[in-house]
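Examining the three-dimensional arrangement
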Amino acid sequence: MELLVDISKKFEGFELAVSFEVNNETLGFLGASGSGKSLTLRGIAGLITPSRGRIILNDRVLFDSERGINLPAQKRSVGFLFQNYALFPHLTVAQNIAFGLQKLPKKEQVRRVEEKLTMTQLEGLGSKYPYQLSGGQQQRTALARALAIEPDVLLLDEPFSALDNHLRSQMEKELIETLSNYKGITIFVTHNLEECYRVCDKIAVMEAGQAVTCGSKEDIFLNPQKVSIARLTGCKNISKCKAVSSSNAVMAADWGCSLDVDQPVSPQSTHIGIRAHQIHFVKDLSLKNTFPCWVADVAETPYQTTLYLSLNTPPANSNQYHIQVKLNKDKYLDSLKQRPLPWLVHLAPEYLFLMKD
């Protein structure tokens with residue numbers, strides 16, 4: 001399976017221009033609201049017509065502006081799970097699932113409906129109507145309908161956005177299990193970075209109508225190449241930087257310290273970053289990139305503590321801090337909170353990454 005997308009379309013005050021390639025895997029579109037994620041899905045599905053470009057699925061041309069090819073949505077072998085599920089209220093669960101199968105023999109329609117009811121754990125609910133279902137059951141019905149046509153590409157547009165946290169977690173696990181038995185390409189749109197990481201093999205980061213990067217989820221999270229990508233993937237600690245005399249050291253201007261890094265410093269390196277959960281507290285000041293620190297502020301959730309730290313000098317107020325550190329709340333309460341200040345914080349060279357603006 002291979003999908004090649006290279007399209008653009010102008011809207012009032014916005015231009016979509018995306019180019020990417022995806023093979024037999026799950027690709028996540030990660031980006032802020034309004035970045036063009038859902039528009040890209042609609043272009044692939046044939047629900048909007050790009051101004052230019054091409055879409056090729058398994059050597060079959062779905063759209064080509066130069067050649068005047070634009071297959072209608074029903075001929076693209078693309079399944080679409082909408083954000084609001086878009087179930088037909090006057091049809092039963094079974095009828096909703098069978099909606100795209102009218103051209104098949106009745107026996108084959110029944111077989112596929114029964115198969116998808118089982119796959120999505122909806123056995124016994126085929127005669128129910130959407131209003132009689134829970135939110136999770138509606139979502140599974142919509143997913144079963146999208147899969148019933150046995151599409152080569154499955155498009156999922158924020159499928160968990162209408163669910164509460166408990167049901168969202170449950171449905172995410174069920175989706176991952178369902179996708180493990182799906183042989184086609186999946187494109188999954190979300191603005192939840194942790195969800196994207198768990199569900200997807202590969203990630204495309206969307207920004208202002210463009211896919212600014214596309215690669216393995218490990219590369220995107222561990223080594224973002226641009227400041228905007230680091231921010232979209234949840235990095236809280238970013239500083240301007242410039243090279244110093246050593247080829248593997250930089251001055252972090254916003255943090256007021258010099259740092260050794262594991263990667264060569266290039267003239268294009270304008271910023272340095274480290275993720276909040278990869279910063280550690282130590283007792284040995286001789287370790288590279290270790291600094292005395294003071295707590296400017298503390299934020300807590302039921303299970304996690306975020307510390308806002310001032311490096312090298314005590315803060316004048318709660319807003320005067322350099323970096324954020326996230327750690328398990330029990331670890332903070334049991335082994336750190338009672339220590340006298342200053343503590344020693346370690347920014348390990350292997351966790352630091354360099355970026356361009």
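Look up: the structure comes first, before these words.
Presented here is an overview of the structure given in this document.

1. Thoughts on the overall build of the protein chain
Along the backbone of the protein chain there are nine helices and 21 strands. Its C-alpha atoms give the protein chain principal-axis dimensions of roughly 75 × 50 × 35 Å. Across the 357 residues that make up the protein chain, the buried fraction comes to 47%. For the protein chain, restricting intrachain contacts to residue pairs at least 6 apart in sequence, the fraction spanning at least 24 positions comes to 63%.

2. A closer look at the packing of helix α3 (residues 106–119) against helix α4 (residues 135–148)
The contact between α3 and α4 brings their axes to 9 Å, and the two run at 135°. By the angle between their axes, α3 is oblique relative to α4. The two elements α3 and α4 cross, and the hand of that crossing is right-handed. Contacts between α3 and α4 pair Arg112, Lys116 and Met119 from the former with Ala144, Leu147 and Ala148 from the latter. Looking at side-chain class alone, the contact of α3 with α4 contains four nonpolar, no polar and two charged residues.

3. What to know about the sheet that holds strand β16 (residues 280–282)
Across a sheet, paired strands are connected by hydrogen bonds in the backbone, their directions being either parallel or antiparallel. With antiparallel pairing, five strands are arranged side by side in an open sheet as β16-β20-β17-β18-β19. Only two strands of the sheet have a single partner each, and these edge strands are β16 and β19 (323–328). Between one strand and the next, the sheet's axes are offset by a mean angle of 50°, whatever the strand orientation. By the bridge criterion, three bridges tie β16 to strand β20 (residues 343–346) in an arrangement that is antiparallel. Of the residues in β20, the one forming a bridge with His280 is His346. The sheet strands contacting helix α9 (residues 329–336) are β16, β17 (290–300), β18 (304–311), β19 and β20, and the helix crosses β19 at an angle near 95°.

4. Considerations on unusual backbone geometry
Note that the residue after Leu341, namely Pro342, is joined by a cis bond; omega there is 5°. Although it is not a glycine, Ala86 adopts a positive phi angle of roughly 55°. With respect to the helices and strands, the residue Ala86 is situated in the loop between β7 (78–81) and α2 (93–97). For Ala86, a relative accessible area of 33% corresponds to the partly exposed category.

5. A look at the layout of surface pockets
In this structure, the largest pocket spans a volume of roughly 790 Å³. Along its surface, the largest pocket is lined by 25 residues, and Ala73, Gln74, Val78, Gly100 and Ile149 are the ones closest to its centre. For the lining of the largest pocket, the secondary-structure elements that each account for two or more residues are β7 and α4. Residue composition of the lining of the largest pocket, grouped by class: 15 nonpolar, five polar and five charged. In this model, the second largest pocket occupies a volume close to 500 Å³. Counting residues per element, the lining of the second largest pocket draws most heavily on helix α6 (residues 193–199), which supplies three residues. Its residues assigned to classes, the lining of the second largest pocket shows six nonpolar, seven polar and four charged.

6. Details of the nonpolar core
Formed by 27 residues in total, the largest nonpolar core has its most connected members in Trp255, Leu259, Ile272, Phe281, Ile323, Val345 and Leu347. Of all elements in the fold, only β13 (249–252), β14 (257–260), β15 (271–274), β17, β18, β19, α9 and β20 reach the threshold of two or more residues within this core. Excluding residues that lie within four positions of it along the chain, Phe281 makes contacts with Cys293, Leu307, Leu309, Val325, Leu336, Arg339, Trp343, Leu344 and Val345.

7. Re α4
For α4, which comprises 14 residues, the first-to-last C-alpha distance of 20 Å matches the rise-based estimate of 20 Å (1.5 Å per residue) to within 8%. Counting buried residues along α4, eleven of its 14 residues qualify, which places the element largely inside the surrounding structure. The inward-facing, buried residues of α4 contact β7, α2, α3, β8 (153–157) and α5 (165–180).

8. Quick look at the pattern of salt bridges
Close approach of charged atoms allows side chains with opposite charge to pair. A complete count under the given rule lists ten salt bridges for this structure. One salt bridge in this structure joins Glu25 and Lys202, with 3.8 Å as the shortest N-O distance. Of this pair, Glu25 sits in the loop between β2 (14–23) and β3 (26–30) while Lys202 sits in strand β10 (residues 202–207), placing them 177 residues apart in sequence. On the basis of relative accessible area, Glu25 is assigned to the partly exposed category, the value being 21%. Between Arg112 and Glu108 there is a salt bridge whose closest N-O contact spans 2.9 Å. With Arg112 and Glu108 both in helix α3 and four residues apart, the pair spans about one turn of that helix. Look at Glu108 and you get partly exposed, because its relative accessible area is 22%.

9. What about the environment of Ala316?
Inspection of the secondary structure puts Ala316 in the loop between β18 and β19. With a relative accessible area of 66%, Ala316 lands in the exposed category.

Parameters and conventions
Residues numbered from 1 in each chain as written. Predicted model: local features only at pLDDT ≥ 70, side-chain atom pairs only at ≥ 80, totals over all residues. Heavy atoms only, no water. Helix = DSSP H or I, 4+ residues; strand = E, 2+ residues; numbered from the N terminus. Buried < 20%, exposed > 50% of the residue type's maximum accessible area, 1.4 Å probe, protein only. Contact = heavy atoms within 4.5 Å. Axes fitted to C-alpha atoms, helices over the stretch in contact; angles between N-to-C directions. Parallel < 35°, antiparallel > 145°, perpendicular 65-115°, else oblique. Left-handed = near helix turned anticlockwise from the far one by under 90°. Nonpolar A, V, L, I, M, F, W, Y, C, P; charged D, E, K, R; others polar. Pairing = 2+ DSSP bridges. 1 Å grid on protein atoms, 1.4 Å probe; cavity = no way out; pocket = protein on both sides within 12 Å on 5 of 7 lines; lining within 4 Å. Points joined across faces, edges and corners; volume = space filled by probe spheres on them. Core = buried A, V, L, I, M, F, W, Y, C linked by side-chain atoms within 4.5 Å. Expected span 1.5 Å × (residues − 1). Salt bridge = Lys/Arg side-chain N within 4 Å of Asp/Glu carboxyl O.

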